[in-house]
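Single-letter residue listing:
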Amino acid sequence: MNGNTPYAGLPGETQAGQRAAADVPELSGAQKRALHRDVSRIAARTREFLPDEYIVDADVATGVGGPQVRVAVQPPIGHPVSAGFTPDLEEAVDTDTELIEEAITADERNEVARGLAASAALQVKQAISDSVTPTAR
């Protein structure tokens, strides 16, 4: 059974429970800064769509498949909502200067911010829908 799991290792290449060094993605300092900058922009854009009662936070973590970006919103009532994805940093690097213009494009940032704001507002609406009596039909 162990031969079918990723924890068994590859014969002659990796030991059981270890990952191959080539499988672990490494981020440069510029890539990390670009990701943090772009995630902060998503959080700021999301805050623009929502009242001050909503709490918006963002973070960048390193996952198995590379960097993981997550932005979360805690509405005043209702369940929190979040969006997480793995950005493609290969497309973001300028090969001539190796500078990173945008790790996450402006369109992607706006789409994530709008979606999170709408989902957070829906959570509030669903949380209060049972306790509010409609005034008219």
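One can find the structure itself at the top, above this paragraph.
Residues numbered from 1 in each chain as written. Predicted model: local features only at pLDDT ≥ 70, side-chain atom pairs only at ≥ 80, totals over all residues. Heavy atoms only, no water.

Attention now moves to the overall build of the chain. When helices and strands are counted, the chain shows two helices and three strands. Here the chain holds 137 residues, and the buried ones make up 26% of them. Summarising the internal contacts of the chain: among those between residues at least 6 apart in sequence, 51% fall at separations of at least 24. Element-wise, carbon and sulfur atoms account for 50% of the exposed surface of the chain, whose accessible area totals about 9600 Å². (Helix = DSSP H or I, 4+ residues; strand = E, 2+ residues; numbered from the N terminus. Buried < 20%, exposed > 50% of the residue type's maximum accessible area, 1.4 Å probe, protein only. Contact = heavy atoms within 4.5 Å. Areas by Shrake-Rupley, 256 points an atom, 1.4 Å probe, with all protein chains shown as cover.)

Moving on, we get to helix α1 (residues 29-49). Given a rise of 1.5 Å per residue, 21 residues ought to cover 30 Å, and the 31 Å separating the end C-alpha atoms of α1 matches this to within 8%. Among the residues of α1, Q31, A34, L35, D38, V39, I42, A43 and T46 are the ones counted as buried. At its buried positions, α1 is contacted by β1 (55-63), β2 (66-74), β3 (81-85) and α2 (106-128). (Expected span 1.5 Å × (residues − 1).)

As a further point, take the sheet that holds β1. As summarised here, the arrangement of the three strands in space is β1-β2-β3, forming an open sheet in which the pairing is antiparallel. The open sheet terminates on both sides in strands that have one partner only, identified here as β1 and β3. On average, each strand axis in the sheet is tilted by 15° relative to the strand beside it, whichever way the strands run. Here β1 pairs with β2 via nine bridges, running antiparallel. What sits directly across from V60, in β2, is V69. (Pairing = 2+ DSSP bridges. Axes fitted to C-alpha atoms, helices over the stretch in contact; angles between N-to-C directions.)

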